[in-house]
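The chain contents come next:
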Amino acid sequence: MPELPEVEVTRRSFADRVRGARVLGVRLGKPLRWPLGRDAQGLTGRTVHDVRRRGKYLLLHLDDGVLLLHLGMSGSLNFQRELPPPGPHDHFDLLTTQGTLRLHDPRRFGAAVWAPAPDQQPALRLLAGLGVEPLEEGQFDAGEFHRQLKARRAPIKQVLLAGDVVVGVGNIYASEALFLAGIRPTVRASRLSRLRADRLHAAIREVLARAVERGGSTLRDFSSATGESGHFQLEAAVYGRAGQPCVRCATPLKQIRQGQRSTFFCPVC
Ligand SMILES: [Zn+2]
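Thresholds applied
Residues numbered from 1 in each chain as written. Predicted model: local features only at pLDDT ≥ 70, side-chain atom pairs only at ≥ 80, totals over all residues. Heavy atoms only, no water. Donors = N, O, S within 2.8 Å, 3.2 Å for Na, K, Ca; no water. Tetrahedral: all angles 85-135°; square planar, octahedral: opposite > 155°, others 65-115°. Buried < 20%, exposed > 50% of the residue type's maximum accessible area, 1.4 Å probe, protein only. Salt bridge = Lys/Arg side-chain N within 4 Å of Asp/Glu carboxyl O. Helix = DSSP H or I, 4+ residues; strand = E, 2+ residues; numbered from the N terminus. pLDDT = per-residue confidence, 0-100. Contact = heavy atoms within 4.5 Å. Phe/Tyr/Trp six-rings, centres within 6.5 Å; stacked < 30°, edge-to-face > 60°. Lys NZ or Arg CZ within 6 Å of the ring centre and 35° of its normal.

**Section: the coordination of the zinc ion**
Binding of the zinc ion to the protein goes through Cys-246 (SG), Cys-249 (SG), Cys-266 (SG) and Cys-269 (SG), at separations of 2.2 to 2.4 Å. One can describe the donor arrangement at the zinc ion as tetrahedral, given that its 4 donor atoms subtend angles of 102 to 113 degrees at the metal. Donor residues for the zinc ion sit on one chain with the sequence pattern C-x2-C-x16-C-x2-C. When its relative accessible area of 5% is taken as the criterion, Cys-246 is described as buried. Under the relative-accessibility criterion, Cys-249 is labelled partly exposed at 30%.

**Quick word on the pattern of salt bridges**
Considering all chains together, one arrives at 18 salt bridges under this definition. Note that Glu-8 is salt-bridged to Arg-12, the shortest N-O span being 2.8 Å. In this pair, Glu-8 and Arg-12 are both assigned in helix H1 (residues 4-18), 4 residues apart and thus about one turn of the helix distant. Among the charged side chains, a salt-bridge network with shared partners connects Glu-8, Arg-11, Arg-12, Arg-53, Arg-54 and Glu-133.

**Re the confidence of the model for the chain**
This prediction gives the chain a mean pLDDT of 91; 93% of its residues lie at or above 70. Looking over the chain, one finds the lowest element-wise mean pLDDT in helix H7 (residues 219-224), namely 40, and the highest in helix H3 (residues 142-150), namely 98. Confidence drops under pLDDT 50 across residues 217-232; counting only partners more than four residues distant or on other chains, this segment forms 31 contacts.

**Notes on the packing of aromatic side chains**
Working definition: an aromatic ring pair is given by the centre-to-centre distance plus the angle between the planes. Here the structure, examined in full by the defined rule, presents 3 aromatic pairs. Ring centres of Phe-14 and Phe-79 lie 6.1 Å apart, and the angle between their planes is 40 degrees; this geometry places the pair in the tilted category. Taken as a pair, Phe-14 in helix H1 and Phe-79 in strand E5 (residues 76-80) lie far apart in primary sequence, 65 residues in all. On the basis of relative accessible area, Phe-14 is assigned to the buried category, the value being 2%. Between Tyr-239 and Phe-264, the ring centres sit 5.0 Å apart and the planes meet at 65 degrees, which makes this aromatic pair edge-to-face. Of this pair, Tyr-239 sits in the loop between H7 and strand E9 (254-258) while Phe-264 sits in strand E10 (residues 261-265), placing them 25 residues apart in sequence. Geometry around Trp-114 places Arg-38 over its ring, the cationic atom sitting 4.8 Å from the centre.

**Quick notes on the environment of His-91**
By the secondary structure assignment, His-91 is in strand E6 (residues 90-96). C-alpha of His-91 to C-alpha of His-61: the two residues are 30 residues apart in sequence and 20 Å apart in space. Setting aside residues up to four positions removed in sequence, His-91 forms contacts with Arg-27, Leu-28, Gly-29, Lys-30, Leu-32, Leu-103, Asp-105 and Arg-108.

If you want it as structure tokens, here you go:
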């Protein structure tokens, strides 16, 4: 599933190239998770001013509104001057004077949704309840993070996954950040001391920034991919490594289930 780093790398792969483009038309494939919510051809003639990101949504700011794109479980975006004719899994093409932006999404949990502004429906509903952005300067505050955790009785891993305290810490990154911070995934969020919350705060930023950087270093290949998803994963220290020796202490890593999701951790570290 595309996580925040993949979505951010996707944004960087085409934001500069699409800026200033004029929309020539829209091509819709099979229905996605939510309908576009407007007459698609009505977008023709609009200019793309900017591409921003909120959580795992990409926001294309046009003259009179915003197009929200979500990659769902299996989606990927491609922006090229020339693209081959759409295949059976290409469900949204935004044709512009600077190229075609295509959403490829075999499982169709992704979406392209129109809203007059980010703070109006349906954008408001989709973006409501999202926690702070971990990588935006000045948004993710360690003290505030600790205060929020104090109020949660659920296991820390679950609290991170919920995304209402901080966005973008998906399943892989939660296991990795907790390992890096030396915190057991099952501990109640409310029991973390300020010191440990600070360590987790730093670990989250480090893990996500490293993943974006890694994706960024492959940006050239990524943006020239045709149909290939371009997903990448950080070199995981614990995720997907159950039974293998811990990189720090060589104890075999453990795998447990938390809320239907796999958690990986070192029982010692
Ligand atoms: Zn260990």
